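Each chain, letter by letter, is given below.
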Number of protein chains: 2
Amino acid sequence: MNKVYNTEIICVGTELLLGHVTNTNSRDISEMLSKIGINVKYHTVVGDNPEKLKDCVEIAKKRADIIITTGGLGPTCDDLTKQVLTSAFGLKLVENKAEMETIYEYIKGGKKVTPNNYIQAMLPEGCTVFHNEWGTAPGCAFEAEGKIVLMFPGPPKECVPMFKKLGLPYLKKLSEEQIVSHSLRLFGIGESAVDYMFRDEMNKMVNPTMAPYAKECDCLLQITAKAKSEEEAEKMIAPVMEEAKARLGDWVYGVDIECIEERVIELLKEKNLSFAAAESCTGGDVAGRFTDIPGASAVFKGGVVSYTNEVKAGVLGIDPTLIEEKGAVSYEVAKEMAERVRVLCGADIGVSVTGLAGPDGDGVHEVGTVFVGMAADKTYVKELHLGTYRTRSFIRRMAGNHVFDMMRRYLTGLNVI
Amino acid sequence: MNKVYNTEIICVGTELLLGHVTNTNSRDISEMLSKIGINVKYHTVVGDNPEKLKDCVEIAKKRADIIITTGGLGPTCDDLTKQVLTSAFGLKLVENKAEMETIYEYIKGGKKVTPNNYIQAMLPEGCTVFHNEWGTAPGCAFEAEGKIVLMFPGPPKECVPMFKKLGLPYLKKLSEEQIVSHSLRLFGIGESAVDYMFRDEMNKMVNPTMAPYAKECDCLLQITAKAKSEEEAEKMIAPVMEEAKARLGDWVYGVDIECIEERVIELLKEKNLSFAAAESCTGGDVAGRFTDIPGASAVFKGGVVSYTNEVKAGVLGIDPTLIEEKGAVSYEVAKEMAERVRVLCGADIGVSVTGLAGPDGDGVHEVGTVFVGMAADKTYVKELHLGTYRTRSFIRRMAGNHVFDMMRRYLTGLNVI
């Protein structure tokens with residue numbers, strides 16, 4: 001039986017509590033640890049205050065086996081993490097010759113070194129030193145009272161590479177288990193519906209486990225397994241993944257990807273097809289999201305942001321009478337926009353979006369009414385009602401997701417609508 | 001003497017401990033609280049585990065006056081925050097009629113009805129309900145055992161606007177002192193240059209205070225005053241603000257606004273002018289960012305995403321020989337793009353962006369080379385070198401900011417370049 005190492009990450013820094021800085025160290029360290037099967041159970045952030053930090057360390061000693069700190073290793077009078085952690089475990093700080101020499105080297109090299117810089121060479125007695133190639137303050141690790149303590153500097157540019165190169169191998173020796181996770185990305189079904197669908201199995205599952213998470217305009221189902229090796233964990237995941245995929249069917253748009261447009265790029269490249277977009281209410285968002293992905297230029301021709309009826313008529317060449325009769329937010333105009341942008345930009349597929357993103361209505365449709373179109377061998381138009389209570393940004397993003405989903409469905413031979 | 005409210009933010013979610021998600025809620029809530037003079041002393045992250053959450057709440061009760069939770073309010077079996085917090089304070093959950101009806105309405109909007117959705121309408125007895133306009137799960141606040149507890153949903157798109165609109169006013173009432181902050185938004189100067197410029201004054205200031213902060217592609221200088229009343233605080237800020245504005249000059253693009261495009265919309269509306277955009281490397285981002293702001297339709301005509309040379313020639317009507325001779329990434333093509341999109345869309349101002357956002361180069365220019373153009377009574381083109389080491393997203397966003405800044409300068413009678 002593998003020992004379970006519960007881990008707490010304590011980030012020290014008043015700037016985090018003021019909201020000036022985002023705590024990316026906790027995320028990055030957690031992500032690296034989860035991959036080697038070490039469970040992070042708590043993140044704590046505390047200011048540059050030795051008493052409060054001491055209290056946090058006492059709490060961590062009770063609930064964690066591994067304590068990882070970031071921040072407070074520098075030369076300023078605020079930097080007290082080493083002092084607090086060392087004394088919390090009844091240890092002393094002693095001068096480290098090698099680190100002291102590094103500081104002497106700086107002086108020889110002509111760099112100005114203020115006396116407080118030498119504090120950085122004071123390290124817990126008997127510790128493993130983590131030399132800092134990315135800055136000046138060294139990190140360290142020690143074991144005491146059955147706990148494992150690791151300390152890293154606060155700046156992410158030092159902390160993250162240092163943890164990866166020195167912290168991770170130090171901890172890897174402890175772990176006999178590997179953890180592997182895969183995510184099914186879903187569009188057209190909500191997190192709660194997925195939860196409802198799989199609740200009985202999820203309650204019974206121990207290893208692998210399965211959990212749905214909501215994302216901005218879609219959701220995912222994550223399957224995670226622990227095993228002696230990655231291969232074994234993959235083998236445990238495979239049948240669960242297959243069954244979940246089969247049950248979720250068309251809703252699955254990809255595995256381990258970030259967004260639906262990533263899948264659409266992949267499919268367009270595979271089939272050597274291109275697309276172009278005519279956008280009204282999304283105002284360039286569909287093109288913008290797509291072209292934010294490197295490699296988009298291989299499959300994206302361009303588009304027209306036809307925000308006004310003049311541009312719909314003048315640039316796309318839609319008959320003004322049609323726009324007047326049917327309205328800019330209509331099935332007919334969405335159809336024309338998709339067909340015309342396809343021809344105009346010389347693309348294989350043309351897509352279109354026209355609708356009301358709000359907050360103001362047009363006196364005819366309710367906010368959230370959007371028509372999305374796709375023209376290829378034939379033209380498809382879908383009418384959406386994305387919710388009057390939704391934000392403008394949500395409606396725009398969701399409308400874009402529907403466009404990408406229509407393309408995904410078309411390119412994989414599913415029913416487009 | 002004003003009571004000091006020490007605050008702890010507890011974010012609930014296993015996805016945070018796995019490093020799948022960055023904890024932006026803690027940062028955003030902390031930032032908002034620091035502006036109204038409430039001190040955040042701890043951030044804690046714990047998984048979707050009721051026992052562990054209970055222990056964290058017990059710790060928070062000992063060291064904080066205000067406990068704010070995010071996450072775990074949704075409909076899935078993992079969502080147990082309300083249950084744990086309510087029972088930790090000896091309260092019960094009761095059905096809230098209004099929220100139950102809202103959930104019916106929401107689900108009518110197209111989502112599948114699953115029984116677990118109704119759990120969201122169970123709220124602590126006697127609580128203040130924070131209705132969720134941005135999603136389904138309501139938040140709430142209650143006071144018990146001398147503590148103030150507030151709960152918000154986990155998705156940042158719900159949590160942040162909800163905290164801003166409902167949580168902040170709720171907490172503001174507690175404070176006898178009024179804190180007022182104003183921010184000068186700056187483009188064209190970096191945070192460290194601003195820091196250097198005002199360092200001497202900042203070190204001497206007590207109330208008001210002044211501090212520069214870096215944002216994604218620009219920065220801001222924040223001036224904050226504490227006083228008995230808002231009026232008094234405003235009076236204290238005014239002269240400091242005026243002096244800072246005078247010293248920063250053209251770099252100031254606005255006060256208390258979120259982004260430069262917000263200022264451009266305002267100026268276009270004031271002058272009753274419209275614009276259109278021709279975009280290559282920003283791929284629709286300039287139009288997308290602009291139209292994300294409500295009211296954009298009054299001043300934005302539309303645009304062309306001329307991602308390929310075919311579209312530059314075929315839709316914008318640029319001479320293919322010019323593109324071939326000068327290259328798509330050139331002064332000349334940027335100029336033509338701005339001029340042609342202006343005429344094509346019938347706008348007063350035409351803007352253009354053509355460049356290399358990377359990661360791949362074109363063998364001629366280094367990544368980060370971008371030409372931005374603006375055509376009005378005359379045409380202006382600016383050549384930018386945004387840094388070979390920068391990300392694609394940064395280059396696209398920064399190029400967009402330069403376009404908006406050219407328009408801002410033109411519309412306020414400053415030198416455009």
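Each chain has its residues counted from 1, running along the sequence as written. Chains carry letters and ligands carry numbers; both start at the beginning, A for chains and 1 for ligands, and go up in the order they are written. pLDDT decides what is reported in this predicted model: residues at 70 or higher carry local features, side-chain atom pairs at 80 or more are listed and counted, and totals for whole chains, interfaces and linings draw on all residues regardless. Calculated side-chain values reflect all of the structure's heavy atoms, with hydrogen atoms and water omitted.

**So, empty space enclosed by the protein**
Detection works on a 1 Å grid of protein atoms alone, calling trapped sets that fit a 1.4 Å probe cavities and calling open sets with protein on both sides within 12 Å along at least five of seven lines pockets, with lining residues defined by an atom within 4 Å of a point. Grid points are joined across faces, edges and corners, and a volume is the space filled by probe spheres set on the points. Enumeration over the complete set of coordinates arrives at 5 cavities of 30 Å³ or more. Lining the largest cavity are 14 residues; nearest its centre among them are A:Asn23, A:Val45, B:Asn23, B:Ser26 and B:His43. A helix here means a DSSP run of H or I that spans at least four residues, while a strand means a run of E at least two residues long, and both kinds are numbered starting from the N terminus. Counting residues per element, the ones that place at least two in the lining of the largest cavity are strand S2 (39-46) of chain A together with helix H2 (24-35) and strand S2 (39-46) of chain B.

**Description of the confidence of the model for chain A**
A low pLDDT means the predicted coordinates there should not be read in detail. Predicted confidence across chain A gives a mean pLDDT of 92, with 96% of residues reaching 70 or more. Across the interface, the model reports ipTM at 0.77; the global pTM reads 0.78. Think of pLDDT as the predictor's per-residue confidence, scored from 0 to 100.

**Topic: the packing of helix H3 (residues 50-63) of chain A against helix H3 (residues 50-63) of chain B**
At their nearest, the axes of H3(A) and H3(B) sit 13 Å apart, and the two run at 160° to each other. Between H3(A) and H3(B), the crossing angle belongs to the class labelled roughly antiparallel. Helix-helix and strand crossings are classified by hand; for H3(A) and H3(B) the assignment is right-handed. Of the residues in H3(B), those in contact with A:Cys56, A:Ile59 and A:Arg63 of H3(A) are B:Cys56, B:Ile59 and B:Arg63. In this classification, the charged set is Asp, Glu, Lys and Arg, the nonpolar set is Ala, Val, Leu, Ile, Met, Phe, Trp, Tyr, Cys and Pro, and all remaining amino acids, among them Gly, are polar. When grouped by side-chain class, the residues that make up the contact of H3(A) with H3(B) number 4 nonpolar, no polar and 2 charged. Interaxial angle, 0 to 180 degrees, is taken between N-to-C directions of lines fitted to C-alpha atoms, where a helix line uses only the stretch in contact. We call two directions roughly parallel when the angle between them is under 35 degrees, roughly antiparallel when it is over 145, roughly perpendicular when it lies between 65 and 115, and oblique otherwise. Crossing handedness follows the turn of the near helix against the far one: under a right angle anticlockwise gives a left-handed crossing, and clockwise gives a right-handed one. Contact between two residues is taken to exist if any of their heavy atoms lie within 4.5 Å; hydrogens are not considered.

**Digging into the interface of chain A and chain B**
Listed as interface residues are 70 residues of chain A and, on the opposing side, 71 residues of chain B. Accessible surface is computed with a 1.4 Å probe, and the buried area is the amount of it that two parts give up when combined, taken over both parts together. Together, the buried faces of chain A and chain B total about 5900 Å²; carbon and sulfur atoms form 55% of this surface. Any Lys or Arg side-chain nitrogen located within 4 Å of an Asp or Glu carboxyl oxygen qualifies as a salt bridge. Applying the counting rule to chain A against chain B returns 4 salt bridges. Measuring nitrogen to oxygen at the nearest pair gives 3.2 Å for the salt bridge that ties A:Arg396 to B:Asp292. Contacts described as polar in this section are N or O atom pairs within 3.5 Å, which, within protein, must combine one atom able to donate a hydrogen with one able to accept it, while residues neighboring in sequence count only if both atoms come from side chains. Connecting chain A to chain B are 31 residue pairs in polar contact (both at pLDDT 80 or more). Here the side of chain A that touches chain B is built from residues that sort into 28 nonpolar, 25 polar and 17 charged. As judged from the 3 bridges shared by strand S14 (residues 300-305) of chain A and strand S14 (residues 300-305) of chain B, these two strands associate in the antiparallel manner. In the strand pairing of S14(B), A:Val305 is matched with B:Gly303. Think of it this way: DSSP has to see at least two bridges between two strands before they count as a pair.

**Details of a negative patch on the surface**
Residues and elements named next belong to chain A. Where like charges cluster on the molecular surface, the negative patch consists of Glu230, Glu231, Glu232, Glu234 and Asp256. Inspection of the secondary structure puts glutamate 234 in helix H8 (residues 230-248). On the basis of relative accessible area, glutamate 234 is assigned to the partly exposed category, the value being 33%. Like-charged residues are merged into a patch within 9 Å and nonpolar side chains (Val, Leu, Ile, Met, Phe, Trp, Tyr) within 5 Å, provided each residue has over 30% relative accessible area and no salt bridge. What sets the accessible areas is the Shrake-Rupley method with a 1.4 Å probe; for residues, cover comes only from the shown protein chains. Charge convention: Lys and Arg are scored as positive, Asp and Glu as negative, and His as well as the terminal groups of each chain are ignored. For the purpose of locating charges, the reference atoms are NZ of Lys, CZ of Arg, CG of Asp and CD of Glu. Summary of the burial criterion: residues with accessible area below 20% of their type's maximum are buried, those above 50% are exposed, and those between are partly exposed, where the area comes from a 1.4 Å probe applied to protein chains only.

**Observations regarding the pattern of salt bridges**
Residue and element names in this part refer to chain A. This structure, assessed with the given rule, holds 36 salt bridges over all chains. The shortest N-O distance in the salt bridge between lysine 335 and glutamate 339 comes to 3.3 Å. Taken together, the residues lysine 335 and glutamate 339, both in helix H13 (residues 331-344) and 4 residues apart, mark about one turn of the helix. Owing to a relative accessible area of 31%, lysine 335 belongs among the partly exposed residues under this scheme. Residues joined by salt bridges that share partners form a network here, namely Asp250, Asp405, Arg408 and Arg409.

**Re the environment of A:Thr7**
Residue and element names in this part refer to chain A. With respect to the element layout, threonine 7 can be found in strand S1 (residues 6-12). Considering only alpha carbons, one finds threonine 7 and threonine 379, 372 residues apart in sequence, at a separation of 55 Å. Apart from the residues within four sequence positions on either side, threonine 7 is in contact with Leu33, Ile38, Asn39, Val40, Lys41, Tyr42, Ala64, Ile66 and Ile68.

**A closer look at helix H14 (residues 392-411) of chain A**
All names here are of chain A. Given a rise of 1.5 Å per residue, 20 residues ought to cover 28 Å, and the 29 Å separating the end C-alpha atoms of H14 matches this to within 8%. Burial runs high along H14: 17 of the 20 residues are buried. Looking one or two places after H14, you find glycine 413, whose phi comes out positive at around 75°. Working rule for helices: expected span equals 1.5 Å times residues minus one.

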